[in-house]
Each structure stands twice: as C-alpha cells, then as structure tokens.
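Per-entry structural report
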Amino acid sequence: MSPSTLTNPLNERLLRSVGVAPDEAEPADLMQAVAQLARPELSERWVETQAAERTAKSRRIYYLSMEFLIGRTLGNALDALGLRSDAAEAVMEHAHRLEDVAEHEADAALGNGGLGRLAACFLDSMATLGLPSFGYGIRYEYGMFAQDIVQGRQVEHPDPWLADGSPWEFPRVGIGYPVRFGGWVEQHGPNGDEVVWRPGGEVLAKAYDMVIPGHGTRKVSTLRLWRATAPAHIDLHAFNSGDYARAAEVKNEFENVSWVLYPNDSTPAGRELRLRQEYFFVSASIQDIVTRHGAEHGRLDNLADKVAIHLNDTHPAIAIAELMRLLVDAHRMPWRSAWALCRKVFSYTNHTLMPEALETWPVALMQHVLPRHLQIIFRINHEFLLEAAQHRPGDAEFLRRLSLIDESGERRVRMAHLSIVGSHKVNGVSALHSELLVKTIFADFASLWPERFVNVTNGITPRRWLAQANPGLATLLDGALSGNWRLDLDRLRGLKAHASDAAFREAFAGVKRGNKARLATHIELHTGVRLDPSSLFDVQVKRIHEYKRQLLNVLHVVTRYQAILADPQGSWVPRSVVFAGKAASSYHMAKQIIRLIHDVAAVINNDVRVGGRLRVAFVPNYGVSVAELIMPGADLSEQISTAGTEASGTGNMKLALNGALTIGTDD
Ligand code: 26W
C-alpha cells in the first residue's frame, strides 16, 4: 500500500511535537499527533478569517451561552480539512484505526444537554455559512460530570477534560479583562447623577479560543472561553507570613468562578456562585466586544449596525445591564442613546416554558454581588413600566405581572423579563413552543410588542450527526443524491426516488445492521448486557426528567414483559429497549428512575422464559460521543414527553436523520 500523504508528517509530529518514537506510538500519542497535523491548518484559516472580517469591518453575531456541548473536535476538524481518509491511512500504518485513536480525546462537555448542544450546532452552522461569529462562554475546569452506574445507581465523577491539555485551544495570553464584584455605588457630581461603582473584589478573565471549523469553506469561527484567574496582586503578605492556607484560600476564592459547570439542567440553582459565573463571562465578553468595535470603528454610536449579541436562555441576560453600564458609566453615553442601541443589539432564545426553570435572582443577592447592575435594572424597569402603563392605563395587575421585579414575597429579579425588554427579538425553539410562549408565560409582553416574538425552530448539524457519526449512511447518500447534502440538507428529498428501490433499501438496512452491531458491542463492553443486532432497537436517550417520561417507558417495558410471559408463543418481534441519560446530581426522583430501569433490566434480562424476545439496557455516561454511537443504531425513537413540556428536542432530529422511526406525543 502506497504510504499516505500524511505518513511522514504524522511521524514527524510524533517525533517533534508529541515526543515519542514513531514505532512506539500508542493510540493516545497518535491522537495528539493527528491533532497537531490539523491544528496548523485550522490556525492559518483562523488568522485568515479574522483578518478578512477585520478588513471588511464585518457585522458580527456574538452567541453568549453558559453551556457549549462541543464533544470531540478531531473528527470534525479532519472532515472540515478533507483529511479524514489520509489521516486514517497514516494511522493504519501504526496498526490502529482512526476511530479508535479518536476515542482518546476527551469530550469538551461544557453543558448539561439540549441547550448546550444547540449552541455548538449553531457555531458549526455559522462557521459553515461564513457568518462572522463568535461564541462566548466559560472555560470550566470541570465540565458535565461523568456518570458511572454502580449497582444500578448513578454515581457522579468530576470531568477532568483538561487534565492532559486540549490540542484544540489557543490561549490568548494578551487578552484579559478585569471583572469586578460586590462593593457599593456612590453618587457624585452637582446633581448626583455621576455614578461611581466601588467594587469589593476583582478577578481577571483570560481568553482561551477554541477553533470552530466551517465545512465546505476555509472560514473558521471562534469559541472564546473565559478562565478566571487571581489578579496579579495575590495575597503575598499572607503567603510570606507562612499562612499558605490563607493565600491559597484567596486564590481559590477568585478562581473557583470558572471551575465547575452547574450540573442542574432544570432549575436555576439560585446560588451565588452561579450568579458570579454568569456575570463573569458576560462582563469579559461585553468588554471584549466593545473593545473590538472601538478598535475597528473608533466610535460607539454605530454599535448596533455592527454587533448582534444573542442570549442563549436568560443565563447571560445580565449582559443587557453590563452593556448599559459600559456605555453610560465608562463611555459617558447619554442613557437614552445607550438604551436605544442596547435594544437593537440583543436578541433572546427561550428554551423552556416550565416556571421553575425561569431564572430569577433575589434582589438582596443582586444588591450584594452587582449593586450597580441592580440600579441599572431598576431604572430600565421604571422606564419600561411607564411605557407599559400607557398601553393599559390603570391596570395595576398588568404592570405587576410585567415588572422586571417580582414584588410578591421576597423581591426577585425576573431575568426573562429583562431579556425581553432589552431585546428586539425573542424566539421560541419550535412552532408549538413559540405559540405557547405568546399564549402563556409571555402573553402580556406579546400584547405590548407582538412583532417582537418569533419562532426559530432548532436544528442540528448534519456534519457531526450524520457525516461523522454514520459514515456508512453518509457513503450511501453520497452515491444516491446529487449536490452536497452536507451543506444543503434539503437534498435528502432526492431519497424519495429510491424509496421503492429494493437494492437501495437492502443497502440501507445493511448500514443500519452494521451500526446496531457496533452499538451492541459498546453496550456489552460497558454493561455486560448482550443485545441481538437483529432485534428492534427501541431507544430513549436524553436527560432523565419526569416530564420526559422515562418512567412511562419503563412501565411499558414491564407490561410487555408480562404479556410475553402470558403468551410466549405469540408472534413477538424481538425488541431491545435502550435507555441513556444523566440525572441532575440533586434530582432525587430522576436518580430513582435510573435505579428502577436497572432493576427492571435485571429481572427481564435474566428471565429465561423471555428468551430473546425482550432485553433492556442502560448505556452509561450519555454525552455527545456516546450519542454519536447510539443515534445511527436506533430503529425506534421514543419522544414521549408530556405534551407542551418539551420545547423542541434535538435528539429527536438526530435519531430521525439516522433513519429511526419516531414514536411520540403531540410534542
Ligand atoms: C440550571 C439552569 C438551567 C435552566 C434551564 C440550565 C439549562 C436550562 C435549559 C432549559 C435546559 C435545556 O437544555 N432545555 C432544552 O433546550 C433544547 C434546545 O433548545 C430543547 O430542544 C429542549 O426541548 C429543552 O428541554
């Protein structure tokens, strides 16, 4: 076999970057070396893209999210660079398969579930479309916890994804911003309207960029993640006086802001650290955006023409107050001008109707952590309520419901209200969800500003979720379709012409069978449960929530089990029921449901009377990479959430795209 074009470059990377002799390279070394082949290419494209956008003074979209579920980058980077097959050949010369080598990359799991993965899919899409775009988030030292199952119960472990460094991040040593907290606010000047914030503490936000390759283009986007570091003046006095604990305590106090992703994905924690995390990355991002704009334009009054900032849920909503603070306090812009700009700059996606997931913060806590921002929020609210009062004179209830401050009981700041008032566009994530938004929780706002509420149905990237996850099907589609479905998914319509083609169907079934065998191997390796690839793979994979109704599914499994025992000779289609998903660490009922699934599986899988008619498996540690393995191997996609509760779902799209049939509720 002729050596691959990458044979020598790979060996050179092993020798000169990874530091191992080529003929002693282990899979982990090969992963690093292949990454070091892709990185320079991406870096060059990144520099090219940024230079072109700077020269063009492009309008940019900034996507602010507390969560980015990126997963692994190696396969995506190779695909974008068109290097996959050459890399596979070069790795094969070391007697390893590229997909095995790729498994040595830790998932970048900086998110809980759908909201975080959607952010990653959007970045892929914006890069591929060539939209000048930045993602802004937090470089959590520890991402989504790793799930272990011990005696049928979830056990959480920290996720040390950075332990061996990431080959995909570019530290931006020159880019850092002070982020201040606490303290108090002073009124100065003749009529006391010159405001000075006296902060009580400060951390330094340092930028680390992850490259987001575009597909079918040389464009590369940026995911800029912020890391909290202690300002230079760490408490050396304590250290020098031998009080190392105190010195370490000071350092930890500053740096724990970017340590751990918040594990709950259903209700805001309401804890101070979460608020500090939100403000930390928002302040660094807004400062970065305003600095970039100033450098390119030398003025701020055209900010809205060149900057669009999107809020992924309300977690970054404090950005509205932070932009106002920067414009009014730091750049001395008149309030009205700043507010006019602000509204044009921001847009906001709502991801859930559930009241308990709508973020609110105690006024007292906001006063303690962000006194100046609270003042700004009060002023925004005052002016907003004056405007709203014109709309329905005398209707005090209307104003009470609209207010940014919930006055009932403990006073709390309603972050969704701040997001709506501070944005020019608010979207839901499916037609049904967007309709329910304006009919229920945002009805009052929709009566004020009907044109502000729109729908933008969620999407997924076919690059990761089909081309990379399901190479067999990708090849089949390449042969059957004209055009490039990777960049224009509507090309899938061309499959209609093959629907009655026996050969095509046989090929399709063959790909599915291969994917199921691959999945069954993974399941047996990780759970000991052996599934028959020719049985029907009935799959429900998603975070464990009562509204997603894994409980209903497992009770249905029990029903089927009993029916089989009652009629063993019946014409049963052998079925393997596959579950996967993490429970939020504090969500007791979700953890009980995981335990019940394992108990039901133990009974059924060990009951000889069932024969091969029914099996149950729970795949541990569901995340992006495990999902890439499950989606292609599914026959049936269970989407049975209580109607009106699943805002959109995106796993449903990944399963359908890989040829699974969907069974589900009106959601
Ligand atoms: C801890 C604070 C918090 C609160 C809510 C974190 C995350 C959330 C999100 C609402 C959880 C989430 O991921 N929602 C899912 O978002 C997906 C992308 O829009 C939708 O497809 C899912 O239907 C929605 O449940």
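Bear in mind the structure is a predicted one, so any value in this text is a computation, not a measurement.

Assigned secondary structure in the protein chain consists of 25 helices and 23 strands. Computed over the C-alpha atoms, the radius of gyration of the protein chain is 26 Å, within 12% of the 26 Å expected from 2.2 N^0.38 for a compact globule of 667 residues. Along the longest, intermediate and shortest principal axes, the C-alpha atoms of the protein chain span 90 × 65 × 60 Å. Counting only residues that meet the buried cut, the protein chain has 54% of its 667 residues in that class. Expressed as a percentage of contacts within the protein chain between residues at least 6 apart in sequence, the contacts between residues at least 24 apart total 75%. Roughly 28000 Å² of accessible area belongs to the protein chain as shown, and the carbon and sulfur atoms make up 54% of that amount.

Turning our attention to the nonpolar core. Grouped burial of nonpolar side chains is what soluble globular proteins tend to show. Counting 174 residues, the largest nonpolar core has Phe280, Ile286, Ile309, Phe346 and Phe384 as its most contacted members. Each residue touching phenylalanine 346, except ones within four places of it in the same chain, is listed here: Ile286, Ile309, Leu311, Ala319, Ile320, Leu323, Gly422, Ser423, His424 and Lys425. In terms of nonpolar packing, the next biggest core, distinct from the first, is built from 21 residues, Val600, Ala601, Val610 and Leu614 among them.

A few words now on the site of the ligand. Neighbouring the ligand are 20 residues, the closest being Leu115, His351, Asn458, Glu646 and Gly649. In this structure, an oxygen atom belonging to the ligand sits 2.7 Å away from a side-chain N or O atom of glutamate 646. Relative to its unbound accessible surface of 580 Å², the ligand loses 95% to contact with the protein. The element contributing the most residues to the shell around the ligand is helix H6 (residues 114–129), with three residues. Residues belonging to the shell around the ligand are distributed by class as follows: six nonpolar, ten polar and four charged.

For the rest of this paragraph, the subject is unusual backbone geometry. Unusually for a residue other than glycine, lysine 57 sits at a positive phi of about 50 degrees. Note on placement: lysine 57 falls in the loop between helix H2 (27–55) and strand S1 (60–64). Located in the positive-phi region is arginine 549, a residue other than glycine, with phi close to 65 degrees. When you line up the elements, arginine 549 lands in the loop between strand S19 (536–541) and helix H22 (550–566).

Structurally, the position occupied by valine 20 is in the loop between helix H1 (7–18) and H2. As a C-alpha pair, valine 20 and alanine 580 span 560 residues in sequence and 38 Å in three-dimensional space. The residues contacting valine 20, other than those within four sequence positions of it, are Leu14, Leu15, Ala25 and Asp29.

Once that is clear, we can look at the side chain of serine 419. With respect to the element layout, serine 419 can be found in helix H16 (residues 415–421). A relative accessible area of 0% means that serine 419 is categorised as buried. The residues contacting serine 419, other than those within four sequence positions of it, are Leu311, Thr314, Ala317, Ile320 and Tyr348.

This part covers the sheet that holds strand S16 (residues 412–414). Sheet strands line up and pair through hydrogen bonds in the backbone, either parallel or antiparallel. Pairing is antiparallel in the open sheet, where three strands are placed in the order S14-S16-S15. Here the strands that pair on one side only, and so sit at the sheet edges, are strand S14 (360–362) and strand S15 (405–406). Note that S15 and S16 share two bridges and pair antiparallel. Bridge pairing in S16 places aspartate 406 opposite arginine 412.

What counts, and at which threshold
- Residues numbered from 1 in each chain as written.
- Predicted model: local features only at pLDDT ≥ 70, side-chain atom pairs only at ≥ 80, totals over all residues.
- Heavy atoms only, no water.
- Helix = DSSP H or I, 4+ residues; strand = E, 2+ residues; numbered from the N terminus.
- Rg over C-alpha atoms; globule rule 2.2 N^0.38 Å.
- Buried < 20%, exposed > 50% of the residue type's maximum accessible area, 1.4 Å probe, protein only.
- Contact = heavy atoms within 4.5 Å.
- Areas by Shrake-Rupley, 256 points an atom, 1.4 Å probe, with all protein chains shown as cover.
- Core = buried A, V, L, I, M, F, W, Y, C linked by side-chain atoms within 4.5 Å.
- Near = heavy atom within 4 Å.
- Polar contact = N/O pair within 3.5 Å; in protein donor to acceptor, adjacent residues only side chain to side chain.
- Nonpolar A, V, L, I, M, F, W, Y, C, P; charged D, E, K, R; others polar.
- Pairing = 2+ DSSP bridges.

None of this, on its own, says anything about what the molecule does.
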